[in-house]
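Chain and residue survey
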Amino acid sequence: IFGLAVCSNFFLPAILFLLFWKKTSSTGISASIVVGIVVSLAIILTSPTMWEKYGLGAQNAMHQLENPALISFPLAVLAVYVFSILYPKKDKAVN
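If you're wondering where the values come from, they're calculated on a predicted model, not measured in any experiment. (Residues numbered from 1 in each chain as written. Predicted model: local features only at pLDDT ≥ 70, side-chain atom pairs only at ≥ 80, totals over all residues. Heavy atoms only, no water.)

Attention shifts here to the overall build of the protein chain. Looking only at helices and strands, the protein chain features 4 helices and 0 strands. Order of helices (α) and strands (β) in the protein chain, N terminus to C terminus: α-α-α-α. Looking at the protein chain as a whole, 33% of its 95 residues are labelled buried. Expressed as a percentage of contacts within the protein chain between residues at least 6 apart in sequence, the contacts between residues at least 24 apart total 64%. Working note: accessible area of the protein chain is about 6,300 Å², and carbon and sulfur atoms make up 71% of it. (Helix = DSSP H or I, 4+ residues; strand = E, 2+ residues; numbered from the N terminus. Buried < 20%, exposed > 50% of the residue type's maximum accessible area, 1.4 Å probe, protein only. Contact = heavy atoms within 4.5 Å. Areas by Shrake-Rupley, 256 points an atom, 1.4 Å probe, with all protein chains shown as cover.)

On the surface, a nonpolar cluster with roughly 910 Å² of combined accessible area is contributed by L70, I71, L75, L78, Y81, V82, F83, I85, L86 and Y87. Relative to the assigned elements, I85 resides in helix 4 (residues 69-86). (Patch = residues over 30% accessible without salt bridge, like charges linked within 9 Å, V, L, I, M, F, W, Y side chains within 5 Å. Salt bridge = Lys/Arg side-chain N within 4 Å of Asp/Glu carboxyl O.)

This part is about the confidence of the model for the protein chain. Model confidence for the protein chain is summarised by a mean pLDDT of 85, while 89% of its residues fall at 70 or above. The element-level mean pLDDT for the protein chain is lowest in helix 1 (residues 2-20), coming to 79, with helix 4 highest at 93. (pLDDT = per-residue confidence, 0-100.)

Our next topic: helix 4. An α-helix turns once every 3.6 residues. As a result, residues three or four positions apart point the same way. Between the first and last C-alpha of helix 4 there are 25 Å, a value that for 18 residues agrees with the 26 Å anticipated at 1.5 Å per step. Every buried residue belonging to helix 4 is among S72, A76, A79, V80 and S84, and all of these are buried. The arc enclosing the buried residues of helix 4, seen along the axis, measures out at 110°, which places them on a common side. Turned more than 90 degrees away from the buried face of helix 4, the exposed residues are L70 and L86. (Expected span 1.5 Å × (residues − 1). Arc of directions from axis to C-beta.)

Structural data, given as structure tokens:
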């Protein structure tokens, strides 16, 4: 389940923006993927389920989120938007 959560959190924003927003740049897509992976893994590794596996007790976890999509998906969407605006596509030179 965690693998699917991580995969959808960083691929879906990049794919949706690439399909439906013509200003999407490769830098925006790269930033979205990096943000999605890092935030998803951070949320998963600090989740109550993992803290229980670490032997630290689920009640002592840093947060009580089990689904990383609540945080990582909006951040990945924001990343692809902001980085596509800051670093737009380069127009191909016409020869």
